[in-house]
Amino acid sequence: MAIIPTVRCRRMAASIAFYTKVLDFDCVEDGGEADPTFSVLMREGAMLFLSSHTGDGEFGQAIAVLTDNVDALFRKFRARGLQTAGNPDAPQVVHEGPIDQTWGTREFYVDDPDGNTLRFTQGFGLTPCLEREA
């Protein structure tokens, strides 16, 4: 089974440019002329849908992206043009650089051009709920 998040966007071309040129996703399918309001992106084997369709997701949502090295990824994204806080002309802003969270992860957060937040997270371990109850 695969669960694929759908990210709502207003301007498909701007969203594709941000996700592919800055955040290192690949656009594997765009709707072309038949449906310019829907695209499929991939990053390290995981898919993400971009949609301008009403009802496909909400603006301002948060999506976790798990990674093995948050600091290296942050440096890579900055080298690719990710704007950090303090630049009023930047449509995308890092609200926090890589920080150690009290719950044991290391993270940085990025807003896309439509205000959706991607939380790049390292050290996210899960214990199945049933094992915790035993």
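Residues numbered from 1 in each chain as written. Predicted model: local features only at pLDDT ≥ 70, side-chain atom pairs only at ≥ 80, totals over all residues. Heavy atoms only, no water.

> Describe the overall build of the protein chain, with residues and values.
Along its length, the protein chain carries 3 helices and 8 strands. Going residue by residue from the N terminus, the α and β elements of the protein chain occur as β-α-β-β-β-β-α-β-β-β-α. The contacts of the protein chain with a sequence gap of at least 6 include a subset with a gap of at least 24, amounting to 51%. For the protein chain, the exposed area adds up to about 8,000 Å²; of that, 52% sits on carbon and sulfur atoms. (Helix = DSSP H or I, 4+ residues; strand = E, 2+ residues; numbered from the N terminus. Contact = heavy atoms within 4.5 Å. Areas by Shrake-Rupley, 256 points an atom, 1.4 Å probe, with all protein chains shown as cover.)

> Can you lay out the nonpolar core for me, pointing to particular residues and giving the numbers?
Within soluble globular proteins, side chains that are nonpolar tend to cluster in buried spots. By size, the foremost hydrophobic cluster in this structure holds 23 residues, and its most contacted members are Y19, L23, L50, F108 and F120. Looking at this core, the elements with two or more residues in it are helix 1 (12–22), strand 4 (46–51), strand 5 (62–66), helix 2 (70–79), strand 7 (106–111) and strand 8 (117–122). A per-element tally of this core places helix 1 first, with 5 residues. If near-sequence neighbours (up to four positions away) are discounted, L50 is found in contact with V7, C9, M12, S15, I16, Y19, T37, F38, S39 and L41. (Core = buried A, V, L, I, M, F, W, Y, C linked by side-chain atoms within 4.5 Å. Buried < 20%, exposed > 50% of the residue type's maximum accessible area, 1.4 Å probe, protein only.)

> Explain the packing of aromatic side chains to me, using residue names and the numbers behind them.
One pass over the structure, following the stated rule, counts 7 aromatic pairs. Grouping aromatic residues by their ring pairs yields a cluster made of F74, F77, F108 and F120. Geometry around F59 places R10 over its ring, the cationic atom sitting 3.8 Å from the centre. (Phe/Tyr/Trp six-rings, centres within 6.5 Å; stacked < 30°, edge-to-face > 60°. Lys NZ or Arg CZ within 6 Å of the ring centre and 35° of its normal.)

> Quick one: what's the story with the layout of surface pockets, residue by residue and with numbers?
Empty space within the largest pocket amounts to approximately 320 Å³. Around the largest pocket, the lining is made up of 15 residues, and of these P5, R43, A46, M47 and A64 lie nearest the centre. Taken together, the elements giving at least two residues each to the lining of the largest pocket come down to strand 4 and strand 5. The residue inventory of the lining of the largest pocket, partitioned by class, reads 12 nonpolar, 1 polar and 2 charged. (1 Å grid on protein atoms, 1.4 Å probe; cavity = no way out; pocket = protein on both sides within 12 Å on 5 of 7 lines; lining within 4 Å. Points joined across faces, edges and corners; volume = space filled by probe spheres on them. Nonpolar A, V, L, I, M, F, W, Y, C, P; charged D, E, K, R; others polar.)

> Lay out the pattern of salt bridges with the relevant residues and their values.
In the structure shown here, the tally under the stated rule is 7 salt bridges. We note a salt bridge from D114 to R10, for which the minimum N-O separation is 3.3 Å. One end of the pair, D114, is in the loop between strand 7 and strand 8; the other, R10, is in the loop between strand 1 (6–8) and helix 1, and 104 residues separate them in sequence. Residue D114 is classed as buried on the basis of its relative accessible area, which comes to 9%. Its salt-bridge partner being R43, residue E44 comes within 3.5 Å of it at the nearest N-O pair. When its relative accessible area of 72% is taken as the criterion, E44 is described as exposed. When salt bridges with common partners are traced through the structure, they connect D24, K76 and R80 into a single cluster. (Salt bridge = Lys/Arg side-chain N within 4 Å of Asp/Glu carboxyl O.)

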